[in-house]
Protein chains: 2
Amino acid sequence: MPNAQKYEPRAPIERYVPVDHTRVSFDGGFWKSWTETVRDVTIPTQHMRLEEEGFLEVLDFDKPPSPLVRPIQPSGLSMQHFFDSDFGKWIEAASYTLKNHPNPNIEAKIDAIVGKLEHGQMADGYLNSWFIRREPEKRWTNLRDLHEMYSMGHLLEGAVAYFQATGKRRFLDVMIRAVDHIIDTFGRESGKLRGYDAHEEIELALVKLYRVTKDPRHLKLATYFIDERGRMPSYYDDEARRRGDDPAEYIFGTYAYSQAHMPVREQTLVVGHAVRAMYLLSATADLAFENDDESLRTACSRLFDNLVGRQLYVTGGLGPSASNEGFTREYDLPNETAYAETCAAVALGFFSHRMAQIELDGKFTDKLETVLYNGALSGISRDGEHYFYENVLESHGQNRRWKWHYCPCCPTNIARMITSLGQYFYSTKPDELAVHLYGENTAELDLGGAFVRLRQRTEYPWNGDVGIEFGMERSKRFTLRLRIPGWCRSANASVNGETVELEINKGYAAIDRDWRDGETVRLALDMPVDRIYAHPAATEDAGRVALRRGPVIFCVEETDLGMEPQRLRLPARSAISASYDAALLGGATVLEGDALQADVSDWRDTLYRTEPAALKPRRFKAIPYHLWANRAPGAMAVWLHEK
Amino acid sequence: MPNAQKYEPRAPIERYVPVDHTRVSFDGGFWKSWTETVRDVTIPTQHMRLEEEGFLEVLDFDKPPSPLVRPIQPSGLSMQHFFDSDFGKWIEAASYTLKNHPNPNIEAKIDAIVGKLEHGQMADGYLNSWFIRREPEKRWTNLRDLHEMYSMGHLLEGAVAYFQATGKRRFLDVMIRAVDHIIDTFGRESGKLRGYDAHEEIELALVKLYRVTKDPRHLKLATYFIDERGRMPSYYDDEARRRGDDPAEYIFGTYAYSQAHMPVREQTLVVGHAVRAMYLLSATADLAFENDDESLRTACSRLFDNLVGRQLYVTGGLGPSASNEGFTREYDLPNETAYAETCAAVALGFFSHRMAQIELDGKFTDKLETVLYNGALSGISRDGEHYFYENVLESHGQNRRWKWHYCPCCPTNIARMITSLGQYFYSTKPDELAVHLYGENTAELDLGGAFVRLRQRTEYPWNGDVGIEFGMERSKRFTLRLRIPGWCRSANASVNGETVELEINKGYAAIDRDWRDGETVRLALDMPVDRIYAHPAATEDAGRVALRRGPVIFCVEETDLGMEPQRLRLPARSAISASYDAALLGGATVLEGDALQADVSDWRDTLYRTEPAALKPRRFKAIPYHLWANRAPGAMAVWLHEK
């Protein structure tokens, strides 16, 4: 039985509320250039790609549909079925920038899309551009494969974000009508279909909608979808038979592909398509929060532990296999063939972040931090307009970032994470302030009606020293909860220069006092270079070591080494030092140290022999994994052979 | 530039002639049970599968064709296009058993197939059951994808073998008419198509036919195909345009897939589909022999060296990638995803064997021996009726031998190799006898008209001691050339009990004397357990060691170890001993020794940590690689992590 660990009911569900991302300004440090690049380069170029590649043509409802040219999926379906999701996610990502950085040009582009959506929406509220234009009679006949609610969910997230950014209701109203139509169509009431989309997404979007509308029907619909999912006999079997198809002919074989093989409350193993699994768990955590549902929180916690304890790459990547874009068996973490889709790492960030609001535990925010600095950020190039879909941990040089993809779900996903980055840094209760992440920024917080301006001054993640300064209109007693990262083995703190004893509870140190304007906290997180070893069952990493410093995982690239890094041998005790290289891709900490290299001079054309290669000393350099494949193409390795 | 090694013209091409396989009897030792199993189990069950799976239905020319149910290839083509090749190869494999073990039942089955082929053959000689029944108007319109000559080639090999076994000409005559039709259709003469099949096979079949018919047109046709292949502009471009297709739409992208990107004489790198490459090189070696063509021999030798020096698995498997069923880049030898098709290893045996006839060099027979005891033999189960198509060198237990395959090229290929095994053991010239392989058998040889009965008495490959006894009607002076395997670092020999000094030239020791009836040779090949290391550029094997004893590569299976062998660590100097286990799958030598195992007791649900796992001592057992997956399913590894 996987995960025999017991999950006892806990104290009532906590209710931290994340700060609105618009109240956090990355005015220096690590995230400044990333957030600026995504806002100024990524968002505009993504719209350009959507246009160039014909994604927006699906909205020309008055023109005859263009021939199908997109690649066809293994299931025989065209990606065009879910183009709506791509511009929906783009609208969301773009919207997050608009409040602090108004951009009439972007706003006009969004309004144009919204206008077409409104024009195309069917009289009963149905909204999916593919079916409306091509096969309206087939709508809602195949929830298993056709992603209609997935696509609507992304439009809905976009609509909520756009409304929150601009106050314009038009898109939101279009989507509320679409949701009304879904409510009319699906549910337990007689005459309705008891279906749910095989690609989760609408559920978490409905919770976002509910938080805006406070309409209980919106929360109820999300709850229905989560509760209904995985009941047997399966809706997808019935649905297939209604289409005249044999349910046994399902290309993915098992509904575990969509986490629909059993109710989520009963699941003990994270399975199937990785993005779907993370969207499901994000929505499940949302409903645990909104419905105060301990059984859902327990399921989330159990599945989070299974993921992190047995199925997660050291980079925060997840879902090793391309064939199901997802999970295989526990401890199966191949490096060169890692699928580890950018979307999945981003969505693990969503899930971890939601968990931290209902159970303040550093184990959640540790993984949020891991994906932010590693397996999600690796999905976008330093120039902000090239992408990885798959985030391998090892390459022989065949992997290249691409300008666009036939299934461009990842670019807009990493974009929306970065344009809304501030929300992940802080959460509040009326008399608590939790600092989840470190990195230079200024935040404006509301603690039970009291205004607190918080300034973080730090070179984090390159340096573990963090200064926090409070600006307040009047003093207020509250508990400051500082995350002490799981990677950190020694942390010290002072308040106004006086050392304070840190008592760490589930990864957070609490300082409860009356805080006044101008007071400062200094946190010193010891940040040595760590050698990381994988559990012996993760055999792809056997005999290998990864390098980590702070939250950052490093890798060795051929362009620095002059040969494939797979040929390097790292002695178990060689010295490795860290230094900041201002010239590397906008500045980054690099590691340098002593290693060994197999000598090939006496091998000639022998492929196998009875003597191992002689090893000779050499230096090596490692760079942050998220920066790989931004320079000359070549081989790369995260896990180095240890000698 | 790959393979900068120079290929100087050599002395005139040698002309060893392999012994007829029917003159070699495996009357004991290693190969006795294998040859009996293949004859008594494999051959009959393969016919049963061909019937059960509907392969033979394609020959019911008077019935309407059945619907296409076979899986469709990536190219959109049905496997049924080349079903002829499967029963052609089965006829060949079965025929090899008939002379020494007449079997009227099998012969009747073959005659039934031949009768249908004759009935269906078109008036002009064209013969491919798919096109005749379904699309006769499309014949010869797509040599790039449709395998017509490949299929005819296998029928032709079957016809030659059946004629040689039974003296019956009917099948041979059918195929000669088919070849006449090809001669009428293809060639440089005006009015003919300058085409050649993208899947090589017909070329080597034509040389076999020529050796029976002595008709120079048959050799000329084979020569034309080899000479024409790879000329630019490509025939396949023209052909695609004639079909109205865009040549750029070729699914495999490059004609290197079919070794048709440049003439074989200019090729320096073994590329593309591995079976095709080996069939091409087998035919090229045949033509070097028949046409005394030094330029072809040079090309073969250069490509052999490239393959063996940079692209061959330690098991003799080749072609690492499933996507092109073939080669990728030099030193790319992934273990778990190794494609290493059984057919390719078998065909490397064909190629190596042919090379040894034109240039007696142990480097060729070493690889013949490697595939026989490892990467080809692994393709068939010990019970003779289950198969591997892909011969991985590492598994987490997902690999199972199958009863049949939708593309069953491999079962009949390994079958025909084993039913004609004797031919690989000896070659002769009028006054020379080359012993290529060791293994208990009795052979009847003709040396320039003199009869020699040779008995090998040996436990090889489990033991390096080989006794050879000559039975002769009268004494004869000839040079006995004994192969001293490349794996052997110390060999001793005696003649009639008197030690002889061995002078080894290109892997063979010559003993030139007047041999008399009853004389004996004893050869003692030192056979320790060897640790094998791969070239540092073969990074998948970095930090790993393989175990070899004599010609046999070993592996560790989960069923013996009680855990995944990937978790084993083999200290660089631990003792490993060999012993014979009579109870293991009919008897085999196993290795046993001291190793280490990572302790997981203190890991709990931690996936990564900063301390490596503690290692604790344990014993391990390794079995011959070719015997893996014959017992309880589980993980397997050839390359073990060295500590």
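As shown above, the structure is provided for reference.
Residues numbered from 1 in each chain as written. Chains lettered and ligands numbered in written order. Predicted model: local features only at pLDDT ≥ 70, side-chain atom pairs only at ≥ 80, totals over all residues. Heavy atoms only, no water.

Moving on to the packing of aromatic side chains. Applying the stated criterion to the full structure yields 64 aromatic pairs over all chains. With a centroid separation of 6.2 Å and an interplanar angle of 75°, the aromatic rings of Tyr235(A) and Tyr236(A) are classed as edge-to-face. Side by side, Tyr235(A) and Tyr236(A) carry an identical accessibility label, which is buried. Members of the aromatic cluster, each reached through a chain of ring pairs, are Phe30(A), Trp31(A), Tyr373(A), Tyr438(A), Tyr460(A), Trp462(A) and Trp487(A). Over the ring of Trp34(A) we find Arg382(A); its NZ or CZ atom is 4.2 Å from the centre of that ring. Sitting over the ring of Tyr16(B), Lys429(B) keeps its end group 4.5 Å from the ring centre. (Phe/Tyr/Trp six-rings, centres within 6.5 Å; stacked < 30°, edge-to-face > 60°. Buried < 20%, exposed > 50% of the residue type's maximum accessible area, 1.4 Å probe, protein only. Lys NZ or Arg CZ within 6 Å of the ring centre and 35° of its normal.)

Turning to the relation of the copies chain B and chain A, a few remarks are in order. In summary, the two copies of the chain are related to each other by a rotation about an axis coupled with a shift along it. Between chain B and chain A, which share one sequence, the superposing operator has a rotation angle of 180° and an axial displacement of 0.0 Å; the RMSD is 0.0 Å. One copy is carried onto the other by what is essentially a two-fold rotation axis. Of the C-alpha atoms belonging to chain B, the one lying closest to the rotation axis is found on Gly543(B), 3.7 Å away. Most of the interface of chain B is mirrored in chain A: 100% of its interface residues are interface residues there too. (Least-squares fit on C-alpha atoms with pLDDT ≥ 70 in both. Contact = heavy atoms within 4.5 Å.)

With that settled, the discussion passes to the side chain of Arg310(B). Tracing the sequence through the fold places Arg310(B) in helix H11 (residues 294-310). Overall, Arg310(B) belongs to the buried group, its relative accessible area being 16%. A polar contact of 2.9 Å, which involves the side chain of Arg310(B), links it to the side chain of Asp605(A). (Helix = DSSP H or I, 4+ residues; strand = E, 2+ residues; numbered from the N terminus. Polar contact = N/O pair within 3.5 Å; in protein donor to acceptor, adjacent residues only side chain to side chain.)

Below, the discussion takes up the sheet that holds strand S11 (residues 498-500) of chain A. Residue and element names in this part refer to chain A. Here we have seven strands laid out as an open sheet, ordered S2-S6-S7-S8-S14-S10-S11, and antiparallel in their pairing. Edge positions in the sheet fall to strand S2 (24-25) and S11, since each has one partner strand and no second. Pairing of strand S10 (residues 491-495) with S11, which is carried by three bridges, proceeds in the antiparallel orientation. Bridge pairing in S11 links Ser494 to Thr499. (Pairing = 2+ DSSP bridges.)

Let's shift gears to the environment of Thr412(B). All names here are of chain B. With respect to the helices and strands, the residue Thr412 is situated in helix H14 (residues 409-419). Residue Thr412 is classed as buried on the basis of its relative accessible area, which comes to 1%. Measuring from C-alpha to C-alpha, the distance between Thr412 and Thr141 comes to 28 Å, with 271 residues separating the pair along the chain. Those residues within four positions of Thr412 in sequence are excluded, and the remaining contacts are Gln46, Asp86, Lys89, Trp90 and Ala93. Polar side-chain contacts of Thr412 include one of 3.3 Å to the backbone oxygen of Cys409.

With that settled, consider the interface of chain B and chain A. Residue-level contacts link 49 residues of chain B with 49 residues of chain A. Interface area, chain B with chain A, both sides summed: about 3,700 Å², of which 56% is carbon and sulfur. Connecting chain B to chain A are two salt bridges. The salt bridge involving Asp605(B) is made with Arg310(A); its shortest N-O contact spans 3.0 Å. Where chain B meets chain A, there are 14 residue pairs in polar contact (both at pLDDT 80 or more). Sorting the residues of the side of chain B that touches chain A by element identifies H11, strand S15 (529-534) and strand S21 (608-609) of chain B as the ones contributing at least two each. Considering only residue class, the side of chain B that touches chain A consists of 20 nonpolar, twelve polar and 17 charged. Pairing of strand S21 (residues 608-609) of chain A with S15(B) involves two bridges; the strand directions are antiparallel. Counted as the bridge partner of Arg609(A) is Tyr533(B) from S15(B). (Buried area = accessible area lost by both parts, 1.4 Å probe. Salt bridge = Lys/Arg side-chain N within 4 Å of Asp/Glu carboxyl O. Nonpolar A, V, L, I, M, F, W, Y, C, P; charged D, E, K, R; others polar.)

Fair warning: the whole summary comes from geometry, so function is off the table for now.
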